[in-house]
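Now for the letters of each chain:
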Amino acid sequence: MKGDPPMLDWLSAEGYAMLRLCDRRAFAWEWLRRSPSYRRLWMARDKLPPDAPERVGLLAWVDPGLIWGEARPIWNIGTDPKVLDGRPAIGKAHAEDLFDIRSLAPFVSVEIAAGHTEHWLLSDGRWVIRLDIHDGTLLGGPVLLEYRLNGRQSAKSKLDALHQLLTLSEKGRAPRSLAPHEHRAAQWILELRVGDALLAGATQQEMARVLFKSAIAPRRWRSQSASYRLRIQRLVRIARHRLSNPLDGPWFE
């Protein structure tokens, strides 16, 4: 949105460093909150129907002024294939099979839909687990849960999320296995910085000199640093696409 201040200070890499340690869904939120269309929807949210956040993959509006660790967006099941689908099971169970959401209180956020489905988010600001509960509640104490999985390919991402949930529930803290390891995080951060540079009105030459520093020739950079000029042009194209289509990326794979 022309004239708006950048979301982060693109001149400094420090403000983006936390994203190296975050789940890739952090990048979905960081691009969404920069999106001019989302920000317009946010400003008009009181005039929109209750299901309007679904247009952008969310279950509820989240202030675009909040960075990933503070925002805690809850993505809907149509957007995030890792959302677990659960419900209370009928029958007796051993105590070690019961799930108690209260033991994970420091990590928990929840949205309760009109149909009484509970949409749970467990996160420490870096990793994320999503769990939808149908036909019951987690609010009444320990409960025996059953999880619905289907499909050959579709079940893989949910099995990964289920393993993370079971590990977290067993240990009551974030195990090392939950730590995100995104090998493309550095590239995604670079694209995000270029997006913020665009929002700040920076020129491509300014971007090149800040992002690639001494690699850029002091004069006639277009010819003397042609490879970097092409790289900046590509980054600008990607950033513009992300600002217009924030969820069009590998964020939910």
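Everything that follows concerns the structure shown earlier in this document.
All residue numbers here refer to positions counted from 1 along the written sequence of the relevant chain. Confidence filtering applies because this is a predicted model: local features only for residues at pLDDT of at least 70, side-chain atom pairs given and counted only at 80 or more, and all residues used for totals across whole chains, interfaces and linings. Side-chain metrics in this entry use all non-hydrogen atoms of the structure; hydrogen atoms and water are not considered.

**Points about the environment of methionine 207**
And then number 1: Numbered from the N terminus, helices here are DSSP runs of H or I no shorter than four residues, and strands are runs of E no shorter than two. Locating methionine 207 in the fold gives a position in helix α6 (residues 204-212).
And then number 2: Note: C-alpha distance between methionine 207 and leucine 11 (196 residues apart in sequence) is 8.5 Å.
And then number 3: Two residues qualify as a contact provided that any one of their heavy atoms is within 4.5 Å of a heavy atom in the partner residue. Here methionine 207 is in contact with Trp10, Val194, Ala197, Leu198, Ala202, Phe212, Ile232 and Val236, once residues within four sequence places are set aside.

**Remarks on the sheet that holds strand β5 (residues 145-147)**
And then number 1: Any two strands are treated as partners once DSSP identifies two or more bridges connecting them. An order of β2-β3-β4-β1-β5 is seen for the five strands of this open sheet, with the pairing classed as mixed. Looking at the sheet topology across the chains shown, the edges are occupied by β2 (108-112) and β5. Taking each pair of neighbouring strands and ignoring which way they run, the sheet shows an average axis angle of 30°.
And then number 2: Only the contacting stretch of a helix is used when fitting its axis, a line to C-alpha atoms as for every element, and angles between N-to-C directions run 0 to 180 degrees. Contacting β1 (84-88), β3 (118-123), β4 (128-133) and β5, helix α4 (residues 154-171) crosses the sheet at an angle of about 95° to β4.

**Brief notes about the packing of aromatic side chains**
And then number 1: Each Phe, Tyr or Trp ring (for Trp, its six-membered ring) is paired with any other whose centre lies within 6.5 Å, and the angle between the two planes then decides the class: stacked below 30 degrees, edge-to-face above 60, tilted in between. Enumeration over the complete set of coordinates arrives at eight aromatic pairs.
And then number 2: Between the aromatic rings of phenylalanine 27 and tryptophan 188, the centroid separation amounts to 5.2 Å while the plane-to-plane angle is 70°, which identifies the pairing as edge-to-face. Pair noted here: phenylalanine 27 is in helix α1 (residues 25-34) and tryptophan 188 is in helix α5 (residues 185-200), with a separation of 161 residues, a long-range link. Of the two residues, phenylalanine 27 and tryptophan 188, both sit in the buried class. Between buried and exposed lies partly exposed: a residue is buried under 20% and exposed over 50% of the maximum accessible area for its type, with that area taken using a 1.4 Å probe on protein chains only.

**Some points on empty space enclosed by the protein**
And then number 1: Both cavities and pockets are sets of points on a 1 Å grid over the protein atoms alone; in a cavity a 1.4 Å probe fits but cannot get out, in a pocket the set is open with protein on both sides within 12 Å along at least five of seven lines, and lining residues sit with an atom within 4 Å of a point. Grid points are joined across faces, edges and corners, and a volume is the space filled by probe spheres set on the points. Enumeration over the complete set of coordinates arrives at one cavity of 30 Å³ or more.
And then number 2: Residues are sorted three ways: Asp, Glu, Lys and Arg are charged, Ala, Val, Leu, Ile, Met, Phe, Trp, Tyr, Cys and Pro are nonpolar, and all the rest, Gly among them, are polar. Taken together, the residues of the lining of the largest cavity break down into four nonpolar, two polar and one charged.

**Quick look at the packing of α1 against α5**
In helix packing, the relevant descriptors are the interaxial angle and the interaxial distance, both defined with respect to the helix axes.
And then number 1: Put simply, α1 and α5 touch, their axes get as near as 11 Å, and they point 10° apart. By the angle between their directions, the pair α1 and α5 is classed as roughly parallel. Residue-level contacts link Phe27, Glu30, Trp31 and Arg34 of α1 to Ala185, Trp188, Ile189, Glu191, Leu192, Gly195, Asp196 and Leu199 of α5.
And then number 2: Looking at the contact of α1 with α5, its residues break down into seven nonpolar, one polar and four charged. Roughly parallel here means an angle under 35 degrees, roughly antiparallel means over 145, roughly perpendicular means 65 to 115, and every remaining angle is called oblique.

**Digging into the side chain of arginine 87**
And then number 1: Relative to the helices and strands, arginine 87 resides in strand β1.
And then number 2: For arginine 87, the residues in contact, after removing those within four places along its chain, are Ile133, His134, Asp135, Leu144, Leu145, Glu146 and Arg148.

**Topic: a nonpolar patch on the surface**
And then number 1: Like charges within 9 Å and nonpolar side chains (Val, Leu, Ile, Met, Phe, Trp, Tyr) within 5 Å are joined into patches, using only residues over 30% in relative accessible area that form no salt bridge. Surface accessibility follows the Shrake-Rupley procedure with a 1.4 Å probe radius. Residue values consider only the protein chains on display as shielding. Basic side-chain nitrogens of Lys or Arg form a salt bridge, by our definition, when they fall within 4 Å of a carboxyl oxygen of Asp or Glu. Residues Val110, Ile112 and Leu139 make up a contiguous nonpolar surface patch of about 260 Å² in total accessible area.
And then number 2: With respect to the element layout, isoleucine 112 can be found in strand β2.

**Thoughts on helix α8 (residues 226-244)**
And then number 1: Look at α8: 27 Å from first C-alpha to last across 19 residues, which is about the 27 Å you get at 1.5 Å a residue.
And then number 2: All of the buried residues along α8 are Ile232, Leu235, Val236, Ile238, Ala239, Arg242 and Leu243.
And then number 3: Lining the buried residues of α8 we find α1, α2 (36-43), α5 and α6. Here the expected span of a helix is defined as 1.5 Å times the quantity of residues minus one.

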